[in-house]
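# Residue-level structure breakdown
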Amino acid sequence: MWALPVEIIEKKSDAKVRERREKRSEKREKHDLIAQQRMNRATKKMADYSLWQTIFVGLGTFLLIVTLFLTRQANKAARSAVAVTRRMGKVQSRAYVVVKGGALKNFGEGKHAHAVVSLINSGQTPAHGVRTKMHVGIGPYPPPTGAAFSEPPELTDAGSDGVAGPGAVLYKHVTMEDHPLTAPEVASITNGQQAIYIVGDVRYRDAFGKARTTRFRTMFTHRSVARDSEDIEVCDEGNEAD
């Protein structure tokens, strides 16, 4: 078969219409492409904003957690400081019943030595239900390290003094009832070979309701006797208070 060339002859009016239609179509395509590019850029920006927002939210959450932790630690420290201050206040203001001084009476051969021990509440609040136990005896001087002393009886003649206010002085008496001093004992005490020991404890309640105990070990030596027995000495051991 033979192929015959065909030439389409288009009218000028139709060609112009077609050209205008193609231009409008091309223009729309360009506008659509520009719109898509703008949407893509906007979408990318939104994604970037979302990413940074997530980062900032995470950072803010982390900082909030750190702040809450530090606040909690600060509150704990504040509570601890308050507790320490309260304890220090109690320690500084509570009652302290301790030995203030003493004197030895009726010292001599054939006599029943009589000791007076003065106790003082050196604290800033009262001591309640004060009870004292004391024991008096003769022992070697100086006292050997770790020497054992007899426990005082349950009660002395002083018994309970009720309330001892701040600065109150209590005088406790104890006598060697069953043992008059012999001449050798008087000589050994005067020469510094022996001493008269007063061992005791004081029990009371402080203003905060806590039971307290003061243990003391004191003595009258040749020095005390030489000064008319108006001075009491504290032993190196056996003195403690809680």
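Everything below is about the structure shown above.
The shown structure was predicted, so the numbers you read here are calculated from the model rather than taken from an experiment.

## Details of the packing of aromatic side chains
Applying the stated criterion to the full structure yields 0 aromatic pairs. Here the basic side chain of Arg-94 rests over the ring of Tyr-96, its NZ or CZ set 3.9 Å away from the ring centre.

## Section: the nonpolar core
By size, the foremost hydrophobic cluster in this structure holds 27 residues, and its most contacted members are Phe-107, Ile-196 and Ile-198. Listing elements by their share of this core, those giving two or more residues are strand 1 (97-105), strand 2 (114-121), strand 3 (127-140), strand 5 (169-175), helix 2 (183-190), strand 6 (194-205) and strand 7 (211-220). When residues no more than four places from it in sequence are discounted, the contact partners of Phe-107 are Leu-181, Val-186, Ile-189, Thr-190, Ile-196 and Val-225. If you look at the next biggest cluster of nonpolar residues, it comprises 5 residues, including Tyr-141, Tyr-197, Met-219 and Cys-235.

## Structural notes on the pattern of salt bridges
Under the definition given, this model contains 5 salt bridges. Across the pair Asp-201 and Arg-203 runs a salt bridge whose closest N-O atoms are separated by 3.7 Å. The exposure class assigned to Arg-203 is partly exposed, which follows from its relative accessible area of 41%. One salt bridge connects Arg-212 with Asp-206, and the closest N-O pair in it is separated by 3.0 Å. No difference in accessibility class separates Arg-212 from Asp-206, as the two residues are buried. When salt bridges that share partners are traced, they join Lys-133, Asp-201 and Arg-203 into one network.

## Brief notes about helix 2
Owing to its 3.6 residues per turn, the α-helix brings residues three or four apart onto one side. Residues Glu-185, Val-186, Ser-188 and Ile-189 constitute the buried set of helix 2. Take helix 2 and look down its axis: the buried residues cluster within an arc of 165 degrees, on one side only. Taken from the residues just after helix 2, Gly-192 is the one with a positive phi, measuring 85 degrees.

## Thoughts on a nonpolar patch on the surface
A surface patch of nonpolar side chains, amounting to about 760 Å² of accessible area, comprises Leu-51, Trp-52, Ile-55, Phe-56, Leu-59, Phe-62 and Leu-63. Position of Phe-56 among the secondary structure elements: in helix 1 (residues 12-93). Overall, the relative accessible area of 53% leaves Phe-56 in the exposed class.

Here is what the cut-offs are and how they apply
Residues numbered from 1 in each chain as written. Predicted model: local features only at pLDDT ≥ 70, side-chain atom pairs only at ≥ 80, totals over all residues. Heavy atoms only, no water. Phe/Tyr/Trp six-rings, centres within 6.5 Å; stacked < 30°, edge-to-face > 60°. Lys NZ or Arg CZ within 6 Å of the ring centre and 35° of its normal. Core = buried A, V, L, I, M, F, W, Y, C linked by side-chain atoms within 4.5 Å. Buried < 20%, exposed > 50% of the residue type's maximum accessible area, 1.4 Å probe, protein only. Helix = DSSP H or I, 4+ residues; strand = E, 2+ residues; numbered from the N terminus. Contact = heavy atoms within 4.5 Å. Salt bridge = Lys/Arg side-chain N within 4 Å of Asp/Glu carboxyl O. Arc of directions from axis to C-beta. Patch = residues over 30% accessible without salt bridge, like charges linked within 9 Å, V, L, I, M, F, W, Y side chains within 5 Å. Areas by Shrake-Rupley, 256 points an atom, 1.4 Å probe, with all protein chains shown as cover.

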